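Chains, contacts and geometry: an overview
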Amino acid sequence: MRAVVSLNSGSSSIKFALFTLDEEGAPGLSAGGKIEKIGIAPALAIHDASGNIVHTRAWDDPALTHGDLLAWLFDWAAGHLEGRELIAIGHRVVHGGMDFAHPCRVTPEVLEALEALCPLAPLHQPHNLAAIRAIIRIAPDLPQIACFDTAFHHDRPAIATRFALPRALHDQGIRRYGFHGLSYDYIARTLAERDPDLAAGRVIAAHLGNGASLCAMAGGRSVDTTMGFTALDGLVMGTRCGTLDAGVVLHLQRRMGMTAQEVEAMLYNRSGLLGVSGLSSDMRTLSASAAPEAEEAIDLFAWRAAREAGALAASLGGVDGFVFTAGIGENHSDVRARICRRLGWLGIALDAEANAGHKPVISLPGSAVTVRIIPTDEERMIALHTLALLSATRA
Ligand code: ADP
């Protein structure tokens, strides 16, 4: 029996999942979990395949690094494998730039090329790569597969990748890439299983978590998306501003004396829901607050999502389906209702009861657009890509 591990290493958290393979080589979740609050007081929770918590642990040590915790996780996985062979680790890597259109095995050359993309995804890429380096130290011979959030968008029509900037910059890679591709890939495949007719049509998928974006899919392939050169573009997010007039950045630096680093920190870490509300980046916290600023932040989030959905509807030439996913998309009925209300003109008619109950289909039977909730599973997508690459290289 064999197994693969998926890792999604972020700034203060590591999400992981252990999949064992059946006789046909199909992955089944064996255990998964998350280490949070790295750098403060790391806390671990591991759940079994049914989602029941089977192990928790807290470390009262802010000095523990991602590498230390991965070493702990590796030991835990070795104990949990019960004789099964760990054949590879798949990683979420946020930015694949112009060159990485598919998952690939990590080599020293690949690692160097991905390193060069760190400035384009400063919140994520350095932590993704730190996990890869830590595993090289722990198990140098274990195959590691990088799975890119940009890859699903790689073959969009060229017009959707271009900024209206001088041509030379586009050729140098200053272009719109798009992110959350592992999530959208999973949504496209799952929709094709559950509702093949809808999957064959024009669908807007909304990945609404701490990071948030929309993807326009035609026949299951990305044709447009709201994120661009970096994961800062598009929707209002937990702490990121989303689409911003570039003139604001110039003004902050030239007239208000902010340095580039200060502007970067503000746009990535102190804007979005947190910046507008002045309270929190967490949608649940804002919903529970009576402060008018919290209400304004939620309303702006929904308004901007609906406005961008209108833009993607134009890219698609109409919309047949709308899919909500990720923390807010899967769980927050009020935000879903606010977005759908603003998209009534597209032909969306929400079933209030189904929406309140988080049912798989939340539109009314007569709705011109079918609205669904599909829980995303980026870890499973990473495992599927990892296994596909291993079997392609073995073949
Ligand atoms: P990340 O991008 O970090 O993976 P998630 O997909 O976990 O983020 O989404 C986090 C967001 O989802 C937060 O704003 C949180 O408030 C919201 N959220 C998570 N669970 C719920 C829930 N049960 N009800 C409402 N909102 C939720």
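Analysis parameters
- Every chain's residues receive numbers from 1 upward, in the order its sequence appears when written.
- Restriction of local features to residues with pLDDT of at least 70 applies here, the model being predicted, together with a cutoff of 80 or more for giving and counting side-chain atom pairs; totals for whole chains, interfaces and linings are based on all residues.
- Just so you know, side-chain values use all the structure's heavy atoms and leave hydrogens and water out.
- UniProt positions are given in the numbering used here, feature names are shortened, and annotations may be inferred rather than shown by experiment.
- Type-normalised accessible area, obtained with a 1.4 Å probe on protein chains alone, sets the label of each residue: buried when under 20%, exposed when over 50%, and partly exposed for intermediate values.
- Only heavy atoms matter for contacts: two residues are in contact if any of them lie within 4.5 Å across the pair.
- Runs of H or I in DSSP of at least four residues are treated as helices and runs of E of at least two as strands, each being numbered from the N terminus.
- Axes, fitted as lines to C-alpha atoms, cover a helix only where it is in contact. Angles between the N-to-C directions of the axes lie from 0 to 180 degrees.
- Each angle receives one of four descriptions, namely roughly parallel if under 35 degrees, roughly antiparallel if over 145, roughly perpendicular if within 65 to 115, and oblique otherwise.
- Each residue receives one of three labels: charged for Asp, Glu, Lys and Arg, nonpolar for Ala, Val, Leu, Ile, Met, Phe, Trp, Tyr, Cys and Pro, and polar for the others, Gly being one of them.
- The set of buried Ala, Val, Leu, Ile, Met, Phe, Trp, Tyr and Cys residues whose side-chain atoms join them within 4.5 Å is what this entry labels a nonpolar core.
- In this description, strands pair whenever DSSP reports at least two bridges between them.
- We define proximity as follows: a residue is near a molecule or strand when any one of its heavy atoms falls within 4 Å of that partner.
- Residue burial considers only the protein chains on display, and all accessible areas are found by Shrake-Rupley using a 1.4 Å probe.
- Lys and Arg are tallied as positive, Asp and Glu as negative. Neither His nor the chain termini are counted.
- Here, a salt bridge means any side-chain nitrogen of Lys or Arg that lies within 4 Å of a carboxyl oxygen of Asp or Glu.
- Whenever two N or O atoms come within 3.5 Å, that pair is a polar contact, provided that in protein one can donate a hydrogen and the other can accept it, and provided that, for residues adjacent in sequence, both atoms are side-chain atoms.

Identification of the protein as Acetate kinase from Sphingomonas sanxanigenens DSM 19645 = NX02 is taken from an unreviewed UniProt entry. Taken directly from UniProt, the Function (unreviewed entry) text for the protein runs: "Catalyzes the formation of acetyl phosphate from acetate and ATP. Can also catalyze the reverse reaction." Taken from UniProt, the Subunit (unreviewed entry) comment for the protein reads in full: "Homodimer."

So, about the UniProt feature "site: Transition state stabilizer" (unreviewed entry) in the protein. UniProt's feature table lists "site: Transition state stabilizer" (unreviewed entry) at His 180 and Arg 240, given in the numbering used throughout. Judged by its relative accessible area of 6%, His 180 is buried. Once you skip the residues sitting within four places of it in the chain, His 180 turns out to touch Arg 92, Asp 149, His 207, Gly 211, Ala 212, Ser 213 and Met 227. As for its placement among the helices and strands, Arg 240 is situated in the loop between strand S11 (221-225) and helix H7 (246-254). Every residue in contact with Arg 240, bar those within four places of it in the chain, is listed here: Leu 123, His 124, Asn 210, Gly 211, Met 227, Ala 231, Leu 232, Leu 267, Tyr 268, Ser 271 and Gly 272.

Helix H15 (residues 378-394) packs onto helix H5 (residues 181-194) with a crossing angle of 85° between their chain directions and a minimal axis gap of 8 Å. The pairing of H5 with H15 is recorded here as roughly perpendicular in orientation. Residues Leu 182, Ser 183, Asp 185, Tyr 186 and Arg 189 of H5 pack against Glu 378, Arg 380, Met 381, Ile 382, Leu 384 and His 385 of H15. Looking at the contact of H5 with H15 residue by residue, the classes come out as 5 nonpolar, 2 polar and 4 charged.

The subject of this paragraph is the nonpolar core. Counting residues in hydrophobic clusters, the biggest one holds 44 residues, and the most contacted among them are Ile 204, Leu 208, Phe 301, Phe 322, Phe 324, Ile 339 and Leu 343. Of all the secondary structure elements, the ones that give two or more residues to this core are strand S9 (202-208), strand S10 (212-218), helix H10 (283-287), helix H11 (292-316), strand S12 (321-325), helix H13 (333-342) and strand S13 (370-373). Sort the elements by how many residues they give to this core and H11 lands first, with 11 residues. Contacts of Ile 339, omitting those with residues within four sequence positions, involve Leu 208, Ala 302, Ala 305, Ala 306, Phe 322 and Phe 324. If you look at the next biggest cluster of nonpolar residues, it comprises 29 residues, including Leu 21, Ile 187, Leu 198 and Cys 215.

Further remarks concern the sheet that holds strand S5 (residues 53-58). Sheet architecture is open: 8 strands sit in the order S5-S4-S3-S2-S1-S6-S8-S7, paired in mixed fashion. Unpaired on one side and paired on the other, S5 and strand S7 (104-105) mark the two borders of the sheet.

Surrounding the ligand, one finds Lys 15, Gly 209, Asn 210, Gly 211, Asp 282, Met 283, Arg 284, Ala 326, Gly 327, Ile 328, Asn 331 and His 332. Within the complex, the protein chains bury 73% of what would otherwise be the 580 Å² of accessible surface of the ligand. Residue assignment for the shell around the ligand shows that the elements contributing at least two residues are H10 and helix H12 (326-331). Broken down by element, the residue count for the shell around the ligand peaks at 4 residues, all from H12. Looking at the shell around the ligand residue by residue, the class counts come to 3 nonpolar, 6 polar and 3 charged.

Turning next to the side chain of Arg 304. With respect to the helices and strands, the residue Arg 304 is situated in helix H11. An unpaired buried charge is present at Arg 304: no salt bridge exists, and Glu 308, the closest side chain of opposite charge, is 5.0 Å distant. Within polar-contact distance, the side chain of Arg 304 engages the backbone oxygen of Cys 241 at 3.3 Å. Setting aside anything within four residues of it in sequence, one finds Arg 304 in contact with Gly 234, Leu 235, Val 236, Cys 241, Gly 242 and Thr 243.

The subject of this paragraph is the pattern of salt bridges. Scanning the entire structure with this criterion turns up 13 salt bridges. Asp 299 is the partner of Arg 342 in a salt bridge, and the nearest nitrogen-oxygen pair spans 3.6 Å. Of this pair, Arg 342 sits in helix H13 while Asp 299 is found in helix H11, placing the two residues 43 residues apart along the sequence. For Arg 342, a relative accessible area of 35% puts it in the partly exposed group. For Asp 299, a relative accessible area of 30% translates into the label partly exposed. A salt bridge links Arg 380 to Asp 377, with the shortest nitrogen-to-oxygen separation between them at 3.8 Å. Assessed through its relative accessible area of 22%, Asp 377 is described here as partly exposed.

Right, let's get into the pairing of strand S2 (residues 14-21). Along S2, 7 of the 8 residues are buried, which leaves the element largely enclosed by surrounding structure. Inspection of the sheet shows strand S1 (residues 2-9) paired to S2 by 7 bridges, in the antiparallel sense. Bridging from a neighbouring strand, Val 5 pairs with Leu 18 of S2. Joining the antiparallel neighbours S1 and S2 is a turn of 4 residues. The pairing of S2 with strand S3 (residues 27-36) spans 8 bridges and is classified as antiparallel. Bridging across to S3, Ala 17 finds its partner in Gly 32.

Turning our attention to the environment of Val 4. The topology assignment puts Val 4 in strand S1. C-alpha separation for the pair Val 4 and Leu 387, spaced 383 residues apart in sequence, amounts to 8.1 Å. In contact with Val 4, other than residues within four places in its own chain, are Ala 17, Leu 18, Phe 19, Leu 86, Ile 87, Ala 88, Ala 383, Thr 386 and Leu 387.

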